[in-house]
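So you can see what is in the structure, the chains are spelled out below.
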Amino acid sequence: MEKEQFFEDYETGTVRRTFGRTITETDFVVHAGHTGDFFPHHMDAEWCATQPFGQRIAHGTMTFAIGVGLTATQINPRAFTYGYERLRFPNPVHIGDTIHTEITIGETALDPKRKGYGKVVEITETKKQDGKTVMYCEHILLVETKEDHA
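S.K.: How would you sum up the nonpolar core? Please name residues and give values.
M.R.: I23, F28, A58, M62, I66, L70, V93, I99 and V134 form the largest nonpolar core, which has 9 residues in total. When sequence neighbours within four positions are dropped, the list of residues in contact with V134 reads T63, R88, F89, P90, N91, P92, V93, I99, T126, K127 and K128. Listed in part, the 7 residues of the second largest apolar core include A79, I105, V120 and V143.

S.K.: How would you explain the layout of surface pockets if you had to name every residue and give the values?
M.R.: Empty space within the largest pocket amounts to approximately 510 Å³. Together, 25 residues line the largest pocket, and Y10, R16, Q74, E122 and L141 are the ones closest to its centre. Mapped by element, the contributors of at least two residues to the lining of the largest pocket are β1 (15–17), β3 (79–88), β4 (98–110), β5 (117–128) and β6 (133–144). Across the lining of the largest pocket, the residue classes break down as 11 nonpolar, 9 polar and 5 charged.

S.K.: Tell me about the pairing of β6, and name the residues and values.
M.R.: Both faces of the sheet carry side chains from a regular strand, because those side chains alternate between them. Burial analysis of β6 places 10 of its 12 residues in the buried class, which makes it a mostly covered element. Relative to β6, β3 is paired through 7 bridges, and the arrangement is antiparallel. Bridged to T81 within β6 is L141. The sheet contact formed by β5 and β6 spans 11 bridges and is antiparallel. Residue pairing across strands places E125 opposite Y136, the latter belonging to β6. Between the end of β5 and the start of β6, which pair antiparallel, lie 4 residues, with G131 showing a positive phi angle near 90°.

S.K.: Can you break down the side chain of T126 residue by residue, with the values?
M.R.: Within the element layout of this structure, T126 appears in strand β5. On the basis of relative accessible area, T126 is assigned to the buried category, the value being 0%. Within polar-contact distance, the side chain of T126 engages the side chain of T101 at 3.0 Å. In this structure, T126 is in contact with G67, I99, H100, T101, K132, T133, V134 and M135, ignoring residues within four places of it in sequence.

The rules behind the values
- Residues numbered from 1 in each chain as written.
- Predicted model: local features only at pLDDT ≥ 70, side-chain atom pairs only at ≥ 80, totals over all residues.
- Heavy atoms only, no water.
- Core = buried A, V, L, I, M, F, W, Y, C linked by side-chain atoms within 4.5 Å.
- Buried < 20%, exposed > 50% of the residue type's maximum accessible area, 1.4 Å probe, protein only.
- Contact = heavy atoms within 4.5 Å.
- 1 Å grid on protein atoms, 1.4 Å probe; cavity = no way out; pocket = protein on both sides within 12 Å on 5 of 7 lines; lining within 4 Å.
- Points joined across faces, edges and corners; volume = space filled by probe spheres on them.
- Helix = DSSP H or I, 4+ residues; strand = E, 2+ residues; numbered from the N terminus.
- Nonpolar A, V, L, I, M, F, W, Y, C, P; charged D, E, K, R; others polar.
- Pairing = 2+ DSSP bridges.
- Polar contact = N/O pair within 3.5 Å; in protein donor to acceptor, adjacent residues only side chain to side chain.

Now the structure itself:
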């Protein structure tokens, strides 16, 4: 869905929640193939059973890709990604977990380097069915301004 928003339209504290997505063994296998990351933590069920976490854990890069991908149901033609900061994976994702992402507008500020743009920081938290956060990052957007703020 397209939702046009200028910088001035963003309000700190606004929250949006995505639909959920259940993580499958196929996700693990496909992601390992794409990245070349076949570490036993992700791929070896028998070895993982002997470890403190007890079962395979999702690749952090997969959790990030799917968690952020879930947010792509809303596209703003006035904004583009500048980057991501403070990426963390405080809890594991396992096969069978259902994750969703919550996006909260954390802060807004005019961009001193780019006239006609402001920075919007989206606090991006991916959570699983028990409410635990499995991925946290700050998504920085550059967003066109409606007005000249010189």
